[in-house]
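If you want the building blocks of each chain, they are given just below.
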Protein chains: 2
Amino acid sequence: MSETIEQKCLAKGVKLTDQRRIIAQVMSESSDHPNVDELYNRVSKIDSKISIATVYRTVKLFEETGILTKHEFKGGKARYEELNEGHHDHLIDVKTGEIIEFVDDEIEKLQKKVAEKYGYKLVDHKLELYGVKKKQNET
Amino acid sequence: MSETIEQKCLAKGVKLTDQRRIIAQVMSESSDHPNVDELYNRVSKIDSKISIATVYRTVKLFEETGILTKHEFKGGKARYEELNEGHHDHLIDVKTGEIIEFVDDEIEKLQKKVAEKYGYKLVDHKLELYGVKKKQNET
DNA sequence: GTAGATGCAAAGTATTTGCGACAAG
DNA sequence: CTTGTCGCAAATACTTTGCATCTAC
């Protein structure tokens, strides 16, 4: 665990309010990828007076500041995740919605190569795999 | 060019109305990836009485039927594209919004391998590269 | 002839914003 | 103090839907 969200806010000059501290705390403790509603529910349990508008404003702010990343998985609401040094992509179970994080350096390298082939510098990418759990005997 | 959209509709038992024919035609002639608004505008030029609700209903139907695919690129509206045999991914110019289609078999293979590593059968995936055009002297 | 498609307007979602009150630095 | 944040409700953007009418097959 490198820096806490609070430390990142201080470092980037983001004013720390109670609401932001709570949202930061909830996101840090979430190992899943909550959408705004889920986040709002969790946050409400700590302080029931926080409004959903503040949650929206805060995740947006945190995203712009590089504290959170936003994922827009297929056909669902936007989901958020704390951004740490280690980049990873996602494998999503289409039946259960379970999300598995993975890293594959080779794919990363190839992506860069593809971009370069077309004369581009890769600045970002999105890779999502959608799968169903295999049974033992399946190919 | 394999089958026309009309042929696909017949093959799948989708009733062919004038509106659907026009939407099919416009999509076939579009080499970009129009969103519903853009599609609606193009379609309106041919028949100004088609309602946007029909456009929404039709792209959804065509998507379910495997005639179109939907893309949800970063922070934008849903975009549609005709689905042909050749699968490809997208490289998006973050400055201009230009979209380049590419295929990389090696990446495809690796994706499958990753899914398998976690005990999943890959049923779908999304790969988007976001880049900026390089100048000659850049690395 | 009948099931399904259309147009319209109204209703849903998800998200953003104007504004007066309030709090952080 | 002053600038930025908050809560609230209203507004917006995109998409879906109920219903009466119409049309493909």
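Please refer to the structure higher up on the page.
Residues numbered from 1 in each chain as written. Chains lettered and ligands numbered in written order. Predicted model: local features only at pLDDT ≥ 70, side-chain atom pairs only at ≥ 80, totals over all residues. Heavy atoms only, no water.

Considering the overall build of chain A
Now for step 1: In terms of regular secondary structure, chain A is built from five helices and five strands.
Now for step 2: Shown N-terminal to C-terminal, the secondary structure of chain A runs as helices and strands in the order α-α-α-α-β-β-β-β-α-β.
Now for step 3: Dimensions of chain A, computed from the C-alpha atoms along their principal axes, are close to 50 × 40 × 25 Å.
Now for step 4: Counting all 139 residues of chain A, 39% fall into the buried class. (Helix = DSSP H or I, 4+ residues; strand = E, 2+ residues; numbered from the N terminus. Buried < 20%, exposed > 50% of the residue type's maximum accessible area, 1.4 Å probe, protein only.)

Here we look at the protein's contact with DNA strand C
Now for step 1: For DNA strand C, the set of nearby residues contains 18 residues, the closest of which are A:Y56, A:K77, B:T17, B:T54 and B:R57.
Now for step 2: In this structure, a phosphate oxygen belonging to DNA strand C sits 3.2 Å away from a side-chain N or O atom of A:K77.
Now for step 3: No other element matches the four residues that helix α4 (residues 52-64) of chain A contributes to the surface near DNA strand C.
Now for step 4: Classifying every residue of the surface near DNA strand C by side-chain character gives six nonpolar, four polar and eight charged. (Near = heavy atom within 4 Å. Polar contact = N/O pair within 3.5 Å; in protein donor to acceptor, adjacent residues only side chain to side chain. Nonpolar A, V, L, I, M, F, W, Y, C, P; charged D, E, K, R; others polar.)

Remarks on the protein's contact with DNA strand D
Now for step 1: Around DNA strand D, the surrounding shell holds 18 residues, and the nearest of these are A:Q19, A:T54, A:R57, B:Y56 and B:K77.
Now for step 2: When the atoms of DNA strand D within 4 Å of the protein are grouped by moiety, sugar and phosphate amount to 73% of the total.
Now for step 3: B:Y56 places a side-chain nitrogen or oxygen 2.6 Å from a phosphate oxygen of DNA strand D.
Now for step 4: When residues in the surface near DNA strand D are grouped by element, the largest group, four residues, is from helix α4 (residues 52-64) of chain B.

Overview of the pattern of salt bridges
Now for step 1: Following the criterion strictly, the structure yields 16 salt bridges over all chains and no others.
Now for step 2: The closest approach of N and O atoms between A:K126 and B:E128, which form a salt bridge, is 3.8 Å. In this pair, A:K126 is assigned in strand β5 (residues 120-133) and B:E128 in strand β5 (residues 120-133), connecting two distinct chains.
Now for step 3: Between B:R21 and B:E6 there is a salt bridge, with its nearest N and O atoms 3.7 Å apart. Here B:R21 is found in helix α2 (residues 18-29), whereas its partner B:E6 is found in helix α1 (residues 5-12), with 15 residues between them in sequence.
Now for step 4: When its relative accessible area of 32% is taken as the criterion, B:R21 is described as partly exposed. (Salt bridge = Lys/Arg side-chain N within 4 Å of Asp/Glu carboxyl O.)

Things to note about the packing of aromatic side chains
Think of a pair of aromatic rings as described by two things: how far the centres are apart, and how the planes are tilted against each other in angle.
Now for step 1: For the structure shown, the criterion picks out one aromatic pair over all chains.
Now for step 2: The ring centre of A:Y130 lies 5.5 Å from the NZ or CZ of A:K74, which sits over that ring. (Phe/Tyr/Trp six-rings, centres within 6.5 Å; stacked < 30°, edge-to-face > 60°. Lys NZ or Arg CZ within 6 Å of the ring centre and 35° of its normal.)

Section: the pairing of β5(B)
Now for step 1: Relative to β5(B), β5(A) runs antiparallel, the two being bridged by 13 bridges. Within β5(B), the position partnered with A:D124 by the bridge is B:Y130.
Now for step 2: In this structure, strand β3 (residues 89-93) of chain B lies alongside β5(B), joined through four bridges in parallel fashion. Across the sheet, residue B:I92 finds its bridge partner in β5(B), namely B:Y130. (Pairing = 2+ DSSP bridges.)

Description of the relation of the copies chain A and chain B
Now for step 1: Of the transformation superimposing chain A on chain B, the axial component is 0.0 Å and the angular component is 180°, with the fit at an RMSD of 0.1 Å. Accordingly, the operation relating the two chain copies is best matched by a two-fold axis. For chain A, the smallest separation between a C-alpha atom and the rotation axis is recorded for A:L127, amounting to 2.3 Å.
Now for step 2: Most of the interface of chain A is mirrored in chain B, where 100% of its interface residues again form contacts. (Least-squares fit on C-alpha atoms with pLDDT ≥ 70 in both. Contact = heavy atoms within 4.5 Å.)

So, the packing of helix α3 (residues 36-46) of chain B against α4(B)
All names here are of chain B.
Now for step 1: It is the contact of α3 with α4, at a shortest axis distance of 10 Å, that shows an interaxial angle of 120°. Note on packing geometry: the crossing formed by α3 with α4 is right-handed. Contacts between α3 and α4 involve V36, D37, L39 and Y40 from the first element and I52, V55, Y56 and V59 from the second.
Now for step 2: Grouping the constituent residues of the contact of α3 with α4 by class yields seven nonpolar, no polar and one charged. (Axes fitted to C-alpha atoms, helices over the stretch in contact; angles between N-to-C directions. Left-handed = near helix turned anticlockwise from the far one by under 90°.)

Concerning the environment of A:A115
Now for step 1: Within the secondary structure, A:A115 is located in helix α5 (residues 105-117).
Now for step 2: In the structure, A:A115 is positioned 66 residues away from A:K49 in sequence and 47 Å away in space, judged by C-alpha atoms.
Now for step 3: A:A115 has contacts with A:Y120, A:L122, B:L91 and B:L129, leaving out every residue within four places of it along the chain.

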